[in-house]
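# Structure at a glance
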Amino acid sequence: MTSEALSALHPAPGDAAAVARHPRHVRAYGDTTGDGMVQLSFTLPIPHDARAEGAAQMFARKMGIDPAMVVHAKAMGPDFTFFVVYGRSSVILDLAEVPVVEREFPILPANEINLTIRSILNRRLTVIGACVGTDAHTVGIDAILNVKGFAGEKGLEYYREIKVVNLGAQVLVPDLVARARAENADAVLVSQVVTQKDAHLTNTRELSAALTAAFPHGRPLLVVGGPRFDPAMTAELGVDRIFSKGTTPGEVASYLVHALAGGVQ
Ligand code: B12
């Protein structure tokens, strides 16, 4: 947690305005501060009738929502019903207990990134990107790699000292590994957007194992990204860094030089 965030959680004693602005313990906000009101949506595998609405209410109550009001119910075909429930959650969060993965490197300007790569490698840094498995969602990896970039930042192709090989969608793990070897890649960047049946986790583990086996003297840096990854899962998935939603190309380029300079063991 940054020192700014910490001091927001622990305002100076007597600073009543700051305490009111940044309370340490919070409840959900619906109509009025601290009322605990939440809205959630879910689908149950039952036809839409009066019993289904009762079941949805009971389901929400068992999740700790009380009172629970079914404010919307709609049949999704003959055998399923979609619900929206509005109600009160008694959960109180202590913000001091929230785990946060802090960025462990500074964001550098493009010229500094180029200079660092040149001075450490004395050649261009080769990056291979792909969406692996059946995943065809290329917008995220393109946002990071393509020169047009994302959120006003240019992608890695813009950096003079980075060579980008973008393999696109639905790349098989063996093909990606073979290309990483052929290109003598410094970093492999993989996007996984589909999370059905934990496909993103399975594919990432498979890639990590295959890359490690193919590079017995040390594999390239392995970076994965996608909106539903948990950045805290690096060790579990056998990767060096995980980027989640809202990542910008500058963050990724800065991470790559940080790792290159020895920031990743
Ligand atoms: C566009 C889209 C599509 C397009 C994709 C076109 C393309 N060329 O990419 C098309 C129409 C093809 C499509 C198809 C499908 N889609 Co779709 N799609 C979307 C949608 C609407 C937007 C995704 C997107 O482009 N986001 C914008 C980018 C910029 O964001 P991002 O991917 O998160 O990337 C950022 C970060 O995550 C990060 N990042 C991402 N990757 C990487 C990689 C690295 C290395 C790094 C560092 C960072 C990084 O950086 C990026 C910039 O910040 C989402 C819903 C949504 N609103 O998110 C559904 C969604 C992803 N799709 C979904 C589904 C289910 C499908 C289909 C299965 C539908 C179907 N039944 O056919 C198919 C699957 C196709 C396949 N084989 O993969 C689901 C996935 C659900 C799940 N739990 O897995 C979603 C969430 C919709 C939903 N709510 O149900 N889809």
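The coordinates are above.
What comes next concerns the included structure.

Basis of the calculations
- The residue count restarts for each chain, going from 1 along the sequence in the order it is written.
- Only residues with pLDDT of at least 70 are given local features in this predicted model, and only at 80 or more are side-chain atom pairs given and counted; all residues enter the totals for whole chains, interfaces and linings.
- Side-chain descriptors were evaluated using all non-hydrogen atoms of the structure, hydrogens and water having been removed beforehand.
- Geometry of aromatic contacts follows a simple scheme: Phe, Tyr and Trp rings, the Trp one being its six-membered ring, pair when their centres are within 6.5 Å, and the pair is stacked under 30 degrees between planes, edge-to-face over 60, tilted otherwise.
- Remark: a charge is flagged as sitting over a ring if the NZ atom of Lys or the CZ atom of Arg is within 6 Å of the ring centre and within 35 degrees of the ring normal.
- We call a set of buried Ala, Val, Leu, Ile, Met, Phe, Trp, Tyr and Cys residues a nonpolar core when their side-chain atoms join them within 4.5 Å.
- Note on classification: 1.4 Å probe, protein chains only; a residue is buried when its accessible area is under 20% of the maximum for its type, exposed when over 50%, partly exposed between these limits.
- Only runs of H or I of at least four residues qualify as helices and only runs of E of at least two qualify as strands under DSSP, and these elements are numbered from the N terminus.
- Here, residues are in contact when the closest pair of their heavy atoms is within 4.5 Å.
- Polar contact is defined as a pair of N or O atoms within 3.5 Å, subject to the rule that within protein one atom must be able to donate a hydrogen and the other to accept it, and that residues adjacent in sequence are counted only when both atoms are side-chain atoms.
- Every axis in this analysis is a line fitted to C-alpha atoms, fitted for helices over the stretch in contact. Angles between the N-to-C directions lie between 0 and 180 degrees.
- By definition, turning the near helix anticlockwise from the far helix through less than a right angle yields a left-handed crossing, and turning it clockwise yields a right-handed one.

The subject of this paragraph is the packing of aromatic side chains. Summed over all chains, the structure comprises 5 aromatic pairs. Aromatic ring contacts, followed pair by pair, group F42, F59 and F83 into a single cluster. We note R103 situated over the ring of F105; from NZ or CZ to the ring centre the distance is 5.9 Å. Here the basic side chain of R241 rests over the ring of F243, its NZ or CZ set 4.7 Å away from the ring centre.

Counting residues in each nonpolar core, the largest one holds 25 residues, and the members touching the most others are V127, L145, L156, I162, L189, Y255 and L256. Looking at this core, the elements that each hand over two or more residues are helix 4 (110-121), strand 6 (125-131), helix 5 (139-145), strand 7 (162-166), strand 8 (187-191), strand 9 (221-225) and helix 9 (249-263). Element by element, the count of residues in this core is highest for helix 9, at 6 residues. Apart from residues no more than four positions distant in its own chain, L256 is found in contact with L125, V127, L156, A187, L189 and L221. Core analysis: the next-biggest nonpolar cluster, separate from the first, contains 24 residues, V171, V173, V190 and A214 among them.

Bringing the environment of R124 into the picture now. Topologically, R124 is positioned in the loop between helix 4 and strand 6. Put simply, R124 and R181 are 57 residues apart on the chain and 16 Å apart in space, counted from C-alpha to C-alpha. With near-sequence residues (within four places) excluded, R124 lies in contact with I117, R118, R160, E161, I162, K163 and D186. Among the polar contacts made by the side chain of R124, one reaches the main-chain carbonyl oxygen of R160 at a distance of 3.1 Å. A distance of 3.0 Å separates the side chain of R124 from the backbone oxygen of I162, its partner in a polar contact.

Quick look at the packing of helix 6 (residues 173-182) against helix 7 (residues 199-214) now. The geometry of helix 6 relative to helix 7 is characterised by a closest axis approach of 10 Å and an angle of 35° between their N-to-C directions. Both helix 6 and helix 7 take part in a crossing whose hand is right-handed. Along the contact surface, helix 6 presents V173, L176, V177, A180 and R181, while helix 7 presents E206, L207, A210, L211 and A214.

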